[in-house]
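An overview of the molecular structure
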Amino acid sequence: MAVYSIKDLEKISGIKAHTIRIWERRYALVNPQRTSTNIRYYSDEDLKKLLNISILNQNGFKISKIANLDDDQLRDRVLDLCLDARNNSVQIESMMVSLLELDERKFLNVLSGAIIKYGFEHTVEFVLFPFLDRIGTLWQAGTINPAQEHFISNLIRQKLIVAIDNEMQNFTATGPRIIFFLPEGELHEIGLLFYNFLARKEGLDVVYLGMSVPLGDLKQVNQVRPADAFFTSFVSAREKNELENELQKLRDYFPEIPFLVNGLQFKDLNPKLPEDFTIVSTIKSFKEAVKLLKFSE
């Protein structure tokens, strides 16, 4: 069982620590245990309950009314909201609960409902990516284990691969060639898969290499299928100078080919970019970069 500090709960749920303490005192909504030095700590069950409370509270339920619901009633109210949500936060919070419970059916129901309501691209950008940011917070806090992360990542990968397969049924490459890869040691593939999907929709000639590709192998692929551009992503934690060195090494290997780069590390570290490197952080910025590639052909 994971152990959370009140600061962990604040980061994961978005509820201020001060508010959590008030809810504890007035309504006994969660009941933390304490260390020998009287510091609060919380369990998975506390976190799941708090996430559900957050969903209801954000959607107009008064905290005094929520306090009178038992656990089953609380889950039922949240499920009703998930089936007819008008904002992305409900889906994200519900996915967090399904991750903690390892509940595949709940996760896929929420995801499918969001895709039907918003469309596939919107759901990935505004629901799935923020959800994955939350998972990153959990990972950094040491409060989810690898099995939980693999469980949810594989469900998302399945959805993306099905979408790519559907897109390729009537696919004809008419645009420039772009090689998708993750650097050696980088294993977080979901963002790469999604932009690969978008590239195919835009008519690009895609060569998809996947995760942890050594530079030497990348160079050999480029000799066989010369790229008009590369797309890569950096998600795993690293120091700023380490990231800048990796980017410069890519530029040294491929001095004349543009790079589109993506990942949390660019947001967190704000590294200096080599010439002709473009950060892609949204669907819009990716499509703008694709237009430039097509124009430069």
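Quick caveat, the model's predicted, so the values are computed rather than measured.

The subject of this paragraph is the overall build of the protein chain. Within the protein chain, the secondary structure is distributed over 14 helices and 7 strands. Here the C-alpha coordinates of the protein chain stretch approximately 65 × 45 × 30 Å along the principal axes. Looking at the protein chain residue by residue over its 297 residues, the buried ones come to 47%. Looking at the protein chain as shown, the accessible area adds up to about 15,300 Å², and 48% of this sits on carbon and sulfur atoms. One way to put it: in the protein chain the 36 positive side-chain charges average out to a point 7 Å from where the 40 negative ones average out.

With that settled, consider unusual backbone geometry. For Asn38, which is not glycine, the phi dihedral falls at a positive 70°. By secondary structure assignment, the location of Asn38 is in the loop between strand S1 (33-34) and strand S2 (40-41). The class for Asn38 is exposed, based on a relative accessible area of 52%. Even without glycine at this site, Ser212 takes up a positive phi of about 50°. By the secondary structure assignment, Ser212 is in strand S4 (residues 205-213).

A word on the layout of surface pockets. Think of a ball as big as a water molecule: rolled over the atoms, this probe shows where empty space is left. Volume-wise, the largest pocket comes out at about 1,100 Å³. For the lining of the largest pocket, the secondary structure elements donating two or more residues are helix H8 (120-141), helix H9 (146-168), helix H10 (190-201) and helix H13 (264-269). When residues of the lining of the largest pocket are assigned to their parent elements, the largest contribution, 9 residues, is made by H8. Partitioning the lining of the largest pocket into residue classes produces 15 nonpolar, 14 polar and 7 charged.

This next bit is on the side chain of Asn52. Tracing the backbone through its elements, the reader meets Asn52 in helix H3 (residues 44-58). Residues contacting Asn52, with those up to four places away along its chain left out, are Leu74, Arg75, Val78 and Val97.

This part takes up the pattern of salt bridges. Per the stated rule, a full pass over the model turns up 10 salt bridges. Ionic pairing is found between Glu121 and Lys201, a salt bridge with its closest N-O pair at 2.9 Å. Of the two residues, Glu121 is situated in helix H8 and Lys201 in helix H10; the sequence distance between them amounts to 80 residues. We classify Lys201 as partly exposed; its relative accessible area is 41%.

The next thing to look at is the sheet that holds S4. Reading across the sheet, the 5 strands line up as S4-S3-S5-S6-S7 and stay open at both edges, with parallel pairing between neighbours. Taken across any chain shown, the strands that pair with only one partner, and hence form the sheet edges, are S4 and strand S7 (277-279). Pairwise comparison of adjacent strand axes, ignoring direction, gives a mean angle of 20° for this sheet. Across 6 bridges, the pairing between strand S3 (residues 177-183) and S4 is parallel. What sits directly across from Arg177, in S4, is Asp205. H10 contacts S3, S4, strand S5 (229-233) and strand S6 (259-262) of the sheet and is inclined by roughly 175° relative to S4.

Taking burial as the measure, the 7 residues of S3 include 7 buried ones, the bulk of the element. What you see with S3 is no split at all: Arg177, Ile179, Phe181 and Pro183 on one side and Ile178, Phe180 and Leu182 on the other are buried throughout. At this point the chain moves from S3, through H10, to the parallel S4, and the crossover so formed is right-handed. Both S3 and S5 contribute to a ladder of 3 bridges, which runs parallel. Of the residues in S5, the one forming a bridge with Ile179 is Phe230.

Two aromatic rings are characterised by how far apart their centres lie and by the angle between their planes. For the structure shown, the criterion picks out 18 aromatic pairs. Ring geometry for Phe194 versus Phe197: centroids 6.3 Å apart, planes at 25°, classification stacked. Taken as a pair, Phe194 and Phe197 lie in helix H10 at a separation of 3 residues, close to a single helical turn. Neither residue differs from the other here; Phe194 and Phe197 are each classed as buried. Judged by centre distance (4.9 Å) and plane angle (25°), the rings of Phe230 and Phe259 are stacked. Of this pair, Phe230 sits in strand S5 while Phe259 sits in strand S6, placing them 29 residues apart in sequence.

Calculation notes
- Residues numbered from 1 in each chain as written.
- Predicted model: local features only at pLDDT ≥ 70, side-chain atom pairs only at ≥ 80, totals over all residues.
- Heavy atoms only, no water.
- Helix = DSSP H or I, 4+ residues; strand = E, 2+ residues; numbered from the N terminus.
- Buried < 20%, exposed > 50% of the residue type's maximum accessible area, 1.4 Å probe, protein only.
- Areas by Shrake-Rupley, 256 points an atom, 1.4 Å probe, with all protein chains shown as cover.
- Lys, Arg positive; Asp, Glu negative; His and termini not counted.
- Charge placed at Lys NZ, Arg CZ, Asp CG, Glu CD.
- 1 Å grid on protein atoms, 1.4 Å probe; cavity = no way out; pocket = protein on both sides within 12 Å on 5 of 7 lines; lining within 4 Å.
- Points joined across faces, edges and corners; volume = space filled by probe spheres on them.
- Nonpolar A, V, L, I, M, F, W, Y, C, P; charged D, E, K, R; others polar.
- Contact = heavy atoms within 4.5 Å.
- Salt bridge = Lys/Arg side-chain N within 4 Å of Asp/Glu carboxyl O.
- Pairing = 2+ DSSP bridges.
- Axes fitted to C-alpha atoms, helices over the stretch in contact; angles between N-to-C directions.
- Right-handed = clockwise from strand over helix to strand, strands pointing away.
- Phe/Tyr/Trp six-rings, centres within 6.5 Å; stacked < 30°, edge-to-face > 60°.

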